[in-house]
There are 2 protein chains.
Amino acid sequence: MSATYRDIKADILGKITRGEWKPGSLIPSELELAEVYGAARATVNRAMRELAEEGIIERKRKSGSRVRLSPLRQARFDIPVIRHQIEEQGRAYRYALVRSEVIEAPDWLCARLSLPGGARVRHLTCLHFADGTPWLHEDRWINLTLLPRAEAADFSAMGPTEWLVTQIPFSAVEISISATAADATLAAHLDCAVGEPLLMTERLTHWDGQTVTYVRLVHRPGHRMTTRY
Amino acid sequence: MSATYRDIKADILGKITRGEWKPGSLIPSELELAEVYGAARATVNRAMRELAEEGIIERKRKSGSRVRLSPLRQARFDIPVIRHQIEEQGRAYRYALVRSEVIEAPDWLCARLSLPGGARVRHLTCLHFADGTPWLHEDRWINLTLLPRAEAADFSAMGPTEWLVTQIPFSAVEISISATAADATLAAHLDCAVGEPLLMTERLTHWDGQTVTYVRLVHRPGHRMTTRY
DNA sequence: GAGTGGTCTAGACCACGCC
DNA sequence: GCGTGGTCTAGACCACTCG
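Residues numbered from 1 in each chain as written. Chains lettered and ligands numbered in written order. Predicted model: local features only at pLDDT ≥ 70, side-chain atom pairs only at ≥ 80, totals over all residues. Heavy atoms only, no water.

What the domain assignment lists for chain A is domain 1 (5-67) and domain 2 (82-219). Domain 1 of chain A and domain 2 of chain A are separated by 44 Å when their C-alpha centres are compared. (Domains from an automatic or database assignment.)

The next point concerns helix α3 (residues 41-53) of chain A. Between its terminal C-alpha atoms α3(A) stretches 18 Å, which fits the 18 Å expected from 13 residues at 1.5 Å a residue. Of all the residues in α3(A), the buried ones are A:V44, A:R46, A:A47, A:M48, A:R49, A:E50, A:L51 and A:A52. Those residues of α3(A) hidden inside the fold are in contact with α1 (5-17), β1 (26-27), α2 (30-37), β2 (57-60) and β3 (64-67) of chain A together with α3 (41-53) of chain B. Just past α3(A), the residue A:G55 takes up positive phi, approximately 80°. (Helix = DSSP H or I, 4+ residues; strand = E, 2+ residues; numbered from the N terminus. Expected span 1.5 Å × (residues − 1). Buried < 20%, exposed > 50% of the residue type's maximum accessible area, 1.4 Å probe, protein only. Contact = heavy atoms within 4.5 Å.)

The next thing to look at is the protein's contact with DNA strand C. Around DNA strand C lies a shell of 24 residues, among which A:T4, A:Y5, A:A40, A:T43 and B:R41 are the nearest. Sugar and phosphate atoms represent 65% of those atoms of DNA strand C found within 4 Å of the protein. For DNA strand C, a phosphate oxygen lies 3.1 Å from a polar atom in the side chain of A:R6. Here B:R41 contributes a side-chain N or O atom positioned 2.4 Å from a base oxygen of DNA strand C. Mapped onto the surface near DNA strand C, the elements with two or more residues apiece are α1 and α3 of chain A together with α3, β2 (57-60) and β3 (64-67) of chain B. (Near = heavy atom within 4 Å. Polar contact = N/O pair within 3.5 Å; in protein donor to acceptor, adjacent residues only side chain to side chain.)

Glancing now at the interface of chain A and chain B. Listed by partner, the interface residues are 49 residues for chain A and 49 residues for chain B. Summing both partners gives a buried area of about 4,500 Å² for chain A against chain B, and 55% of it is carried by carbon and sulfur. It is A:R76, A:F170 and A:Y229 that lose the most area in chain A upon contact with chain B, and together they represent 15% of the buried surface on that side. The interface formed by chain A and chain B holds four salt bridges in total. Linking B:R224 and A:E202 is a salt bridge whose minimum nitrogen-to-oxygen distance equals 2.8 Å. In this assembly, chain A and chain B are joined by 15 residue pairs in polar contact (both at pLDDT 80 or more). Among the secondary structure elements, those contributing two or more residues to the side of chain A that touches chain B are α1, α3, β4 (74-78), β8 (172-181), β9 (197-207) and β11 (225-228) of chain A. Sort the elements by how many residues they give to the side of chain A that touches chain B and β8(A) lands first, with 10 residues. Residue composition of the side of chain A that touches chain B, grouped by class: 26 nonpolar, 12 polar and 11 charged. The pairing of β8(A) with strand β11 (residues 225-228) of chain B spans four bridges and is classified as antiparallel. Each bridged residue has a counterpart across the sheet, and for A:S176 the counterpart in β11(B) is B:T226. (Buried area = accessible area lost by both parts, 1.4 Å probe. Salt bridge = Lys/Arg side-chain N within 4 Å of Asp/Glu carboxyl O. Nonpolar A, V, L, I, M, F, W, Y, C, P; charged D, E, K, R; others polar. Pairing = 2+ DSSP bridges.)

The next point concerns the relation of the copies chain A and chain B. Note on the copies: chain A fits chain B at an RMSD of 0.1 Å, the axial shift is 0.1 Å, and the rotation between them is 180°. Given the turn and translation reported, the copies of this chain are related as if by a two-fold rotation axis. Mapped onto chain B, 100% of the interface residues of chain A again fall at the interface, so both copies present the same surface. (Least-squares fit on C-alpha atoms with pLDDT ≥ 70 in both.)

Spelled out as structure tokens, the structure:
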């Protein structure tokens, strides 16, 4: 009798995946579908809206809704808390602080963070292990002008990522993924050969228009980021 | 007077980013917020639902909604159509078919695609250029058992990706990102040194429970995937 | 049991975008 | 203009879950 928005969404998605409604073709209007399914228009609207958000259909006022030609626009990757990611695999997590210093930001960092020359930053190098083998190398820079508390904080037991989420309420983030070659330091820390290709994630965290912290995470050799949709 | 769900969402997000509502703390119920904002509960519900989808808050029946402790769960990356990605930069797109063959799937491919031994596949190697410089190397395998039309298709002018979207209505996809080292072939095609670290995207496309196609996209040296949220 | 979110309805008005 | 999606409302019932 009463179709839920999930039923309707699944049914429409079925018609698309089975090829009954082909890419580029027009889908009946919300009013028509509401009648077909015996539901309110708001219910049909929610089903269609979610399909649009997922990149399966395109909607335009007056012209109606169409099945998208290229079936997708975006992929979502989970950003795990490192400790959880490792523990979910049933492996033991261990954290180690390798190096900690307070310095004047080098030029490349000033450029990256839009900092004035001579700004002081805390620079940390940390390692994350899974069952004793290196999992992730973390190079973290914290802007002390914006977060002076970071100068005195103790990162020997708690990693900077975990500490930072307790300090910064919420923030705009820019994430970048690329490939890099292991230099001597990375090779030693990640237990791999110099020159080995490694997956690198960089994150810039903004707050109130300024950059609070920059982190460069280099994953163990062979690491993959995977997602389904 | 009348607050839209966008207004409400922005206002709540503001309270969270400004630290008025701290991570872990309880947010007023929908009913209370509806009164505060002078809106219907459905309107508040939509604002809160979207904040939950974006990983900003957590909701549970009876216990209510809380600001998440770790402010995020996922990042979205746009999956561009290569041609568009290049043309949006104001650069000229060019496609080239490097190699095409129909073969029995090698063992590693059978394993990856859950194919029976001896299954025939079409294997294509293509290059995508931006302003004449190599942008992306594409290694594509198409399961001919599921898509026999692919055997006769001509990929000299149209890339397999563009052709496939016209053939497969919609599909489940698995995406994987990793770092790889350039071998001699890749180095020649992408005009870089052997051993250079390169970002690789792999995609498995399923249809009706079976794998239709597998593609390995290797990006030009220094390529970054970037997103904000 | 009772509070909270999850969803549906019927109706309404608005905004965009073709014609 | 007018059709389509975008959103809001007021009210309702249900489902989960905590005490």
